[in-house]
Amino acid sequence: MYHAIVFLPLVGALLAGLFGRQLGPKLSEGITTGLLAFSALLSWGAFLEVPGSDHATRVQVATWFTAGDLVVDWAFRIDTLTVIMLVVVTSVSTLVHLYSIGYMAEDPHRPRFFAYLSLFTFAMLMLVTADNLVQMFFGWEGVGLASYLLIGFWYEKPSANAAAMKAFIVNRVGDFGFSLGIFLVFVLTGSIAFDGIFARAPEIKDATFHFLGYDWSAWTLACLLLFMGAMGKSALFLLHTWLPDAMEGPTPVSALIHAATMVTAGVFMVARLSPLFELAPNALVVVTVIGGITAFFAATIGLVQNDIKRVIAYSTCSQLGYMFVALGVGAYSAAVFHLFTHAFFKALLFLGAGSVIHAMHHEQDMRNMGNLRRYIPFTSAMMTIGTLALIGFPFTAGYYSKDAIIEAAYASTRPGHTLAFLCTVVAALMTSFYSWRLFFMTFEGPARWAGHGATHHDDHAVAHAGASAQADGALGHHEGVAHDDKGHDIEPASHSAIEHHDHAHTPHESPLVMTIPLALLAFGALFAGLIFKNRFIGEGMDAFWGHALGHGPDNHIMHDIHAVPAIVSYAPFIMMLTGFVLAYWMYVRRPELPGQLAAQQPSLYRFLLNKWYFDELYDRIFVRPAKDFGKFLWKEADGRVIDGMGPDGIATRVLDVTRGVVRLQTGYVYHYAFVMLVGVAAILSWYMLTGLPKVAH
């Protein structure tokens, strides 16, 4: 069964990728989607069967390679954590495949697109079923490659190519640390298999490692290096810059990458290696602090973004911060529970945004929308459900998982927990605000799309036109239209090969093939928390998880959250309600107020709109010096030294000499005779001056 779950997406990817032209778009879509659906069905069967087992099941596939005493097997590790990820990945991927049949209906390269989607899914399945660190790294790099292909799917757009490269390069930074962490774990334990590592780790918990002139706690250093990989893959603070640019890919790609797969890989990795992180409390402090900062930082940026997909992207970044806060304080089950529920409502929001973009004919700027609830009521209802789940409205999926994380941050006694608690509570307020801001700007108020936005009501840019002209989310931001590195259009919509019609149209509801996935995801967004709360974080938690997660002997955080003060339990609801009231007041009752605030605080507005200037900062610190160094090597090292001494130096002198020698070859016999005569005269003169050699007798 597990072989089928993992390899069916690969079969679909190979068929659509290698034989897509022969099969045609329709058959390619049907094959890849059908195989994914069957894989998802098997995953749900495993989910109902596996949880509660006392030990992980190992399914051997093959021996991958052998190097001396190191034997690396290709095997599946099946436990509760694995089957949860199987359900999340295959279910969301299946719905994304189905949704893409409608969304990508006019794209001429659908077989390639569906091949990439299935390849991405296979790589993620390899990651979550890995029985050892090498196989995990294979899947880790596989999703990086597939995400590069998907983000840059519309390769004729320079901005898509740039975004794909940015995602790939930023992730290489994190993956460098991840690989070093794997090497260090192998040095310490002599194994790369999880069973061997977990058995050996407690015996050497006090081991040190000499690095950079200091003796470090070996497990602290190893876990920090491993966490560096999670920072890149999960777009945490400092390595987050690739995530919003990934919106250059088609909207289904955003749902697949940001809801259930690539960005959750870091959460899964830390949860899988929780027995190691429990031995490195200082590393967990770093995880907690980075998670809290990410939750707060990304939420502040989401407050002012105007691109509907980028608002949801920064929401994803913020919610990942919540998950890592939970991991950092030892609430691993709460982190995975939020990963599970987040997959449903975030995929719903992204695909709902895609339905809006489809209705608006690829318009993404919320300032060009408004009053869409009247024209696309089903999509509006689905976005409402996704919004309610995201902000943690009582009894929705996000309510149970996010509130548990906030309570765990408060109940923890580890350093950094207070900062994480404050960041997550404030982020809950901002999450509610920007979520309802998105809803009100898109579905409520006057229609601002007639005549392609002839009458723009703005939230910020009208009040501060100079800022808006230089900031991200400029007017006329269309999917399929290339943008520069600041998000500005660099070609009009009518010039894009991906745009098909003009914008003088009436918004329309999406076809059934797109709305069915929305309805299924909405069910999960509403009821996943209620149905699975008891298993993930409730009374049945111990029986459900078995030994899939590692909890130290002093880790009682999941029991301590039930003893927090009432004000802590009510804090997320208060923040949620406050955010709604503010958004309603500013975007429904007083729509001129946001513009006035932006005009009064232009520096703060530009700071948030330009994403804390991280792109500009990294450009100044890393990109420009790297380009200048490359230019120096090109002009000086390569041009002046290598070319100067090589093609332009010695080689040129040889050519000069040969040109001179060639001139001696005149072809006249008397010239050659004259040279011979001169030569004979020279020889005779030499012997006359030095004397003939004496012959010994």
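Because the structure is a prediction, the values reported are computed rather than measured.

### A short note on the overall build of the protein
No. 1: For the protein, the count of helices and strands is 27 helices and 4 strands.
No. 2: Principal-axis analysis of the C-alpha atoms gives the protein an extent of 120 × 70 × 55 Å.
No. 3: Residue burial in the protein is summarised as follows: out of 697 residues, 56% are buried.
No. 4: The contacts in the protein between residues at least 6 apart in sequence include a share of 78% that link residues at least 24 apart.
No. 5: Accessible surface, the protein: about 28,500 Å² in total, of which carbon and sulfur atoms supply 68%.
No. 6: With 40 positive and 50 negative side-chain charges, the protein shows a separation of 6 Å between the mean positions of the two kinds.

### Some remarks on the nonpolar core
Generally speaking, a soluble globular protein has its nonpolar side chains buried in company with each other.
No. 1: The biggest cluster of nonpolar side chains holds 198 residues, and the ones touching the most others in it are Trp-242, Phe-277, Phe-536 and Trp-545.
No. 2: When residues of this core are assigned to their parent elements, the largest contribution, 19 residues, is made by helix α15 (residues 332–359).
No. 3: Judged by nonpolar contacts, the second largest core, of 8 residues, contains Phe-237, Ile-301, Tyr-314 and Phe-614.

### Let's talk about helix α18 (residues 417–443)
No. 1: Taking 1.5 Å of rise per residue, the 27 residues of α18 would be expected to cover 39 Å, and the 38 Å separating its terminal C-alpha atoms lies within 8% of that figure.
No. 2: Of all 27 residues making up α18, 22 are buried, and the element is well covered by its neighbours.
No. 3: Directly beyond the C-terminal end of α18, a positive phi value near 75 degrees is found at Gly-445.

### Here we look at the environment of Ile-301
No. 1: One can find Ile-301 in helix α13 (residues 281–302).
No. 2: Judged by relative accessible area, Ile-301 falls into the buried class, the value being 0%.
No. 3: Along the sequence, Ile-301 and Tyr-605 sit 304 residues apart, while their C-alpha atoms lie 9.6 Å from each other.
No. 4: With sequence-adjacent residues up to four places away left out, Ile-301 is seen in contact with Tyr-314, Leu-608, Lys-611 and Trp-612.

### Structural notes on the environment of Arg-272
No. 1: As for its placement among the helices and strands, Arg-272 is situated in helix α11 (residues 265–272).
No. 2: When its relative accessible area of 1% is taken as the criterion, Arg-272 is described as buried.
No. 3: For the pair formed by Arg-272 and Phe-433, sequence separation is 161 residues and the distance between their alpha carbons is 34 Å.
No. 4: Only 2.7 Å separates the side chain of Arg-272 from the side chain of Asp-79, close enough to count as a polar contact.
No. 5: Within the structure, the side chain of Arg-272 is placed 2.7 Å from the side chain of Thr-82, a separation counted as a polar contact.

### Let's talk about the packing of aromatic side chains
No. 1: A full pass over the atoms with the stated rule returns 50 aromatic pairs.
No. 2: Seen in terms of ring centroids, Phe-113 and Phe-153 are 5.1 Å apart; in terms of plane orientation they differ by 70 degrees. Their pairing is edge-to-face. On the criterion of sequence distance, the pair formed by Phe-113 in helix α4 (residues 110–128) and Phe-153 in the loop between α5 (133–151) and α6 (158–189) is long-range, its members being 40 residues apart. For the pair formed by Phe-113 and Phe-153, the shared burial category is buried.
No. 3: Both rings, one in Phe-395 and one in Tyr-399, keep their centres 5.8 Å apart while their planes meet at 55 degrees; by these two values the pair is tilted.
No. 4: For Phe-395, a relative accessible area of 56% corresponds to the exposed category.
No. 5: An aromatic cluster is built from Trp-44, Phe-47, Phe-337, Phe-340, Phe-344, Phe-532, Phe-536, Phe-544 and Trp-545, whose rings are joined through pairwise contacts.
No. 6: Here Arg-172 stacks its cationic end above the ring of Phe-168, 4.3 Å away from the centre of that ring.
No. 7: Over the ring of Trp-634 we find Lys-635; its NZ or CZ atom is 4.0 Å from the centre of that ring.

### Overview of the environment of Val-143
No. 1: Mapping Val-143 onto the fold places it in helix α5.
No. 2: Separated by 82 residues in the primary sequence, Val-143 and Val-61 place their C-alpha atoms 20 Å from one another.
No. 3: If we skip the residues at most four places from it in the chain, Val-143 touches Phe-120, Ala-123, Met-124, Leu-127, Lys-233 and Met-262.

### Some details on the pattern of salt bridges
No. 1: On inspection of all chains with the given rule, the structure shows 19 salt bridges.
No. 2: Measuring nitrogen to oxygen at the nearest pair gives 2.3 Å for the salt bridge that ties Arg-172 to Asp-175. Taken together, the residues Arg-172 and Asp-175, both in helix α6 and 3 residues apart, mark about one turn of the helix.
No. 3: Two residues, Arg-590 and Glu-592, come together in a salt bridge whose shortest N-O distance is 2.5 Å.
No. 4: Arg-590 gets classed as partly exposed once you look at its relative accessible area, which sits at 30%.
No. 5: A single salt-bridge network, built from bridges that share partners, covers Arg-77, Asp-79, Asp-195 and Arg-272.

Conventions adopted
Sequence order as written defines the numbering, with residues in each chain counted from 1. Reporting of local features is limited, given that this is a predicted model, to residues whose pLDDT is at least 70; pairs of side-chain atoms are given and counted only at 80 or more, and all residues count toward the totals for whole chains, interfaces and linings. Think of the side-chain values as coming from all heavy atoms in the structure, minus any hydrogens and water. Numbering of helices and strands starts at the N terminus; helices are DSSP runs of H or I of at least 4 residues and strands are runs of E of at least 2. Three labels apply to residues, based on accessible area from a 1.4 Å probe with only protein chains included: buried if under 20% of the type maximum, exposed if over 50%, partly exposed otherwise in between. Here, residues are in contact when the closest pair of their heavy atoms is within 4.5 Å. Per-residue accessibility takes into account occlusion by the displayed protein chains alone, with areas from the Shrake-Rupley method and a 1.4 Å probe. Asp and Glu count as negative and Lys and Arg as positive, but His and the ends of the chain are not part of the count. A charge is said to be at NZ when it belongs to Lys, at CZ for Arg, at CG for Asp and at CD for Glu. For this analysis, a nonpolar core means a set of buried residues of the types Ala, Val, Leu, Ile, Met, Phe, Trp, Tyr and Cys, connected via side-chain atoms within 4.5 Å. Given the number of residues in a helix, its expected span is that number minus one, multiplied by 1.5 Å. Polar contacts, as counted here, are pairs of nitrogen or oxygen atoms within 3.5 Å of one another; within protein the pair requires one atom able to donate a hydrogen and one able to accept it, and residues that are adjacent in sequence qualify only if both atoms are side-chain atoms. For Phe, Tyr and Trp, rings pair up if their centres lie within 6.5 Å, where Trp contributes its six-membered ring, and each pair is then called stacked (planes under 30 degrees apart), edge-to-face (over 60) or tilted (otherwise). Two limits define a charge over a ring: the Lys NZ or Arg CZ must be within 6 Å of the ring centre, and within 35 degrees of the ring normal. In what follows, salt bridge is the name for a side-chain nitrogen of Lys or Arg lying within 4 Å of a carboxyl oxygen of Asp or Glu.

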